[in-house]
Structures are given as C-alpha cells and as structure tokens.
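These are the residues of each chain, in order.
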Amino acid sequence: MTLNHVRRGSGSPLLLVHGLGAGWRSWSPIVDGLAESREVIAVDLPGFGETPPLTGEVSIAALTDSVSDFIRDQGLDGVSTVGQSMGGRIVLELARRGVGGDTVALDPGGFWSDREVAVFSATLRPSITAVRALRPVLPALLGNPVGRTVLLAQLSARPWALSRETVMPDVRGLADSPATGAAMDALTKGPKQQGAPAGSVPGRVTIGWGRRDLVTVPRQAARAVELFPDAVLHWFDRCGHFPQWDAPHEATRLILDSTT
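Residues numbered from 1 in each chain as written. Predicted model: local features only at pLDDT ≥ 70, side-chain atom pairs only at ≥ 80, totals over all residues. Heavy atoms only, no water.

The name given to the chain in an unreviewed UniProt entry is Pimeloyl-ACP methyl ester carboxylesterase, with the source organism recorded as Amnibacterium kyonggiense.

As structure tokens, this is what we get:
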C-alpha cells in the first residue's frame, strides 16, 4: 500500500505520523513552521485522509508495518519520526524495531492501565458517536467558544482559545475516517506498547506529554519512560492531548531541537 502524503520545505527529512482524526492535516498548526527548516513528509495512515483502509486486520502492528514500508519504499532510511497519540505509539514502535532515526512521541497511547484504557474507551467512543451525529452543524458549533469547550474538553486544555480552523480537520476526521472504529479497537483491545532496552533504539527518543491530558493521562508518562529508558521526557504545561493545538510554538521547537 502507498500512503498518501504531502511534502513541504527542504532540508533534513522529518516524517510526521498522525493519531485518530484528520490524517496529515492534523499537523496543520505546525507543519509550515517545521517546513521552514526541514523537509516535512506527513502521511495519511491507512483508512485516514486519502489513504484507503487496510484489507486485513487493523492493528497497531499493521499500521506500523505500513509506515515502515513507506520509509523503505521512499528511500527514507534513518529518517527522524514524529507522532502524536496513536501516531506517537507508532513511531515508538518503529524505534523499538530499529526503524528510523531520532523519534519524538507526543502524548502516545499504549501505556495505560486496564482501568485507564477502559475509561478511555468508555469516554471517547460516545464522543465520536456524538460528533458523527452533529456533523451537519459542526462548523457552527466549533465556530463558537462555548461549542468548542463542550465538544473538545477531553482533548484540549483550552478549547475556547482555539480557532475553528485548527480543530475542524481532526473533529471531522473522527467522524468521517473509515478506520476510526477499527483503530479504536486496536488501541483499546489490542496489546499494550512494548518497550526497548537501553541502547537498542536507532537515535534519540523524546516523549512529550501534556500535563492536562485527559486522554493519555499524565501518570502514563512514567510508564513510557520506564519502558523506553533512553527517552527524555518533556512536559507541556497548560496543554491537553494535542500539543500542536494547545502549544504549537513549543511543540515545533521541541521537534526541531530533538531531531536531526
């Protein structure tokens, strides 16, 4: 499978892997800033954006395979990778496999306890159902600070302060992407993320976490660092699950400073 992707800018390549939602457009708040000094390659995972769904089982392993194949087919061996949420888990899995170079994972999934993953599933699935039902009026709801606060309280520390243009791609992606349900099953019913022993990853590993993340809650960061002992942990203050929403300048700086 060839992943739909966009390329922006020039310089050392940087591969962006999104989470549940809009596909590569999830990175819209920061992609231009990154492209000022790097060649940014942002992919649509299978079943998101303009990439068709997988024909077989959807799992984190299979989604990671698709990105690994893309890296090989595009001649991007050693590329620095950045992922958020599910994408954060995927780039950590790539690092665990020895694929890529430097790695930045923002609020990655896969490090929850059984109770935490049950809460994640029980709260986010109804939100996705609600977004699908509200799709005709999403532009109006997301254009209003009160509407954004009601709809996005689980995803952002300051939803009222965001613009409709920032959040609309991901919200619509949750509603429209054919792989949303299967990817949710992979996250909530599949195995948790495995770790990588010290010295076994191909480059630097940086894990960024929002102190106000209500999806992958902050206490999971300690588990992530325990499983990836080479990782450096960066905290985003006043930030929820999407650093590219709540702290775009800080996220851009962290990515550029943590990759080559």
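The structure having been displayed, the exposition proceeds.
### Quick notes on the environment of Ser163
Among the secondary structure elements, Ser163 is positioned in the loop between α6 (145-152) and α7 (164-176). When the C-alpha positions of Ser163 and Trp209 are compared, they lie 22 Å apart, and in sequence the two are 46 residues distant. For Ser163, the side chain forms a polar contact with the side chain of Thr166, separated by 2.9 Å. (Helix = DSSP H or I, 4+ residues; strand = E, 2+ residues; numbered from the N terminus. Polar contact = N/O pair within 3.5 Å; in protein donor to acceptor, adjacent residues only side chain to side chain.)

### Points about the UniProt feature "domain: AB hydrolase-1" (unreviewed entry) in the chain
The positions UniProt marks with the feature "domain: AB hydrolase-1" (unreviewed entry) are residues 14-250. In residues 14-250, helix accounts for 44% and strand for 12%; the two terminal C-alpha atoms are 17 Å from one another. (UniProt positions renumbered as here; feature names shortened; annotations may be inferred.)

### A word on the pairing of strand β4 (residues 80-84)
Across the five residues that make up β4, a large majority, five, are buried. The two faces of β4 match: Ser80, Val82 and Gln84 on one face and Thr81 and Gly83 on the other face are all buried. Across four bridges, strand β2 (residues 13-17) lies against β4 in parallel orientation. Bridge pairing in β4 places Leu15 opposite Thr81. Inspection of the sheet shows β4 paired to strand β5 (residues 103-106) by four bridges, in the parallel sense. Note that in β5 the partner of Gly83 across the bridge is Ala105. (Buried < 20%, exposed > 50% of the residue type's maximum accessible area, 1.4 Å probe, protein only. Pairing = 2+ DSSP bridges.)

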